[in-house]
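Here is what each chain is made of, one letter per residue.
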Amino acid sequence: MSQTFAETVLHTDRLTLRPFNSTDIRDTQASCADELTQRWLPLPQPYTLDDATAWCTTVAHSLRESGDGIHFAVTDTRTRHLLGTVGLKKTDWRARVSEVGYWVSPWARGQGIAAEATRALAHWLLMDRRFQRLELRAATENTASQKVALKAGLHREGILRNAGFTHTGRIDLVLFSLLPNDLAPTSSTPGA
């Protein structure tokens, strides 16, 4: 029997992480067709309105229902505008390990959105859901994604050679991780 994450909504001071729906289609299409997003993610090329419709209404939900993970539309709490996505994939329920991934819409880059959403998701996964490890893989040349990982509190572990791919071919990936103890307050933590 496959395990799954329940449909979930998470909040930070300025973000709402919620399931994708049909209101996200146009912004998802614009975000995933963006040149920078296409450079690092092996998304359909070109990324069409049909691709976005399938993702927002069917695929993201099917991945949760299959037990693979959970994918959130990251939105501005005030305006409800789509700012990007953060999600879990390749979830190993027995080992209690999952991998996080994200992209940020072109209009929301440089505002710390990915790091904030990743921290919220990590806290939920490791503390509330009691998982034992969160992993993140970023292309060795994708320095922006690596900065997000570090800002979100993940620890760099090393290089996975030839472990990923983009539209241009095979790439090396940097592996990051976060464990429950990395989030747990210590006696020296203010407010602990």
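Source: prediction; values computed, not measured.

What counts as what
- Residues numbered from 1 in each chain as written.
- Predicted model: local features only at pLDDT ≥ 70, side-chain atom pairs only at ≥ 80, totals over all residues.
- Heavy atoms only, no water.
- Core = buried A, V, L, I, M, F, W, Y, C linked by side-chain atoms within 4.5 Å.
- Buried < 20%, exposed > 50% of the residue type's maximum accessible area, 1.4 Å probe, protein only.
- Helix = DSSP H or I, 4+ residues; strand = E, 2+ residues; numbered from the N terminus.
- Contact = heavy atoms within 4.5 Å.
- Pairing = 2+ DSSP bridges.
- Right-handed = clockwise from strand over helix to strand, strands pointing away.
- Phe/Tyr/Trp six-rings, centres within 6.5 Å; stacked < 30°, edge-to-face > 60°.
- Axes fitted to C-alpha atoms, helices over the stretch in contact; angles between N-to-C directions.
- Parallel < 35°, antiparallel > 145°, perpendicular 65-115°, else oblique.
- Left-handed = near helix turned anticlockwise from the far one by under 90°.
- Nonpolar A, V, L, I, M, F, W, Y, C, P; charged D, E, K, R; others polar.
- Arc of directions from axis to C-beta.

### Describing the nonpolar core
Here is step 1 of the chain: Counting 35 residues, the largest nonpolar core has Val86 and Leu88 as the members making the most contacts within it.
Here is step 2 of the chain: The set of elements that each furnish at least two residues to this core consists of β2 (15–18), β3 (70–76), β4 (82–92), β5 (97–104), α4 (113–128), β6 (133–139), α5 (143–151) and β8 (169–178).
Here is step 3 of the chain: A total of nine residues in this core trace back to one element, the largest contributor, which is α4.
Here is step 4 of the chain: Discounting chain neighbours no more than four positions away, the residues touching Leu88 are Phe5, Asp68, Gly69, Ile70, His71, Ser98, Glu99, Val100, Leu121, Trp124, Leu125 and Leu134.
Here is step 5 of the chain: Counting residues in hydrophobic clusters, the runner-up holds twelve residues, among them Phe20, Ile25, Ala52 and Ala73.

### Here's the deal with the pairing of β5
Here is step 1 of the chain: Buried residues dominate β5, accounting for seven of its eight residues.
Here is step 2 of the chain: Relative to β5, β4 runs antiparallel, the two being bridged by seven bridges. Looking at the pairing, Leu88 lines up with Val100 of β5.
Here is step 3 of the chain: As judged from the four bridges shared by β5 and β6, these two strands associate in the parallel manner. In the sheet register, Ser98 faces β6, and the bridge partner there is Leu134.
Here is step 4 of the chain: As a crossover connection, the stretch from β5 through α4 into β6 is right-handed.

### Describing the packing of aromatic side chains
Here is step 1 of the chain: A full pass over the atoms with the stated rule returns six aromatic pairs.
Here is step 2 of the chain: When the centroid spacing of 4.6 Å and the interplanar angle of 45° are considered together, the rings of Phe5 and Trp93 count as tilted. Of this pair, Phe5 sits in the segment before β1 (10–11) while Trp93 sits in the loop between β4 and β5; the two residues are 88 residues apart in sequence, bridging distant segments of the chain. Of the two residues, Phe5 and Trp93, both sit in the buried class.
Here is step 3 of the chain: An aromatic cluster is present here, built from Phe5, Phe72, Trp93, Trp124 and Phe131 joined pairwise through their rings.

### Description of the packing of helix α1 (residues 25–33) against helix α3 (residues 49–66)
Packed helices, taken two at a time, are described by the angle their axes make and the gap between the axes.
Here is step 1 of the chain: With their axes 8 Å apart at the nearest point, α1 and α3 run at an angle of 120° to one another. Judged by the inter-axis angle, α1 sits oblique to α3. Every pair of crossing elements has a handedness; the one defined by α1 and α3 is right-handed. Two secondary-structure elements touch here, α1 through Ile25, Arg26, Thr28 and Gln29 and α3 through Leu49, Ala52, Thr53, Trp55, Cys56 and Thr57.
Here is step 2 of the chain: In terms of residue class, the contact of α1 with α3 is built from five nonpolar, four polar and one charged.

### A short note on α1
Here is step 1 of the chain: Those residues of α1 lying buried are Ile25, Thr28, Ser31 and Cys32. Projected down its long axis, α1 carries its buried residues within an arc of 130°, all on one side.

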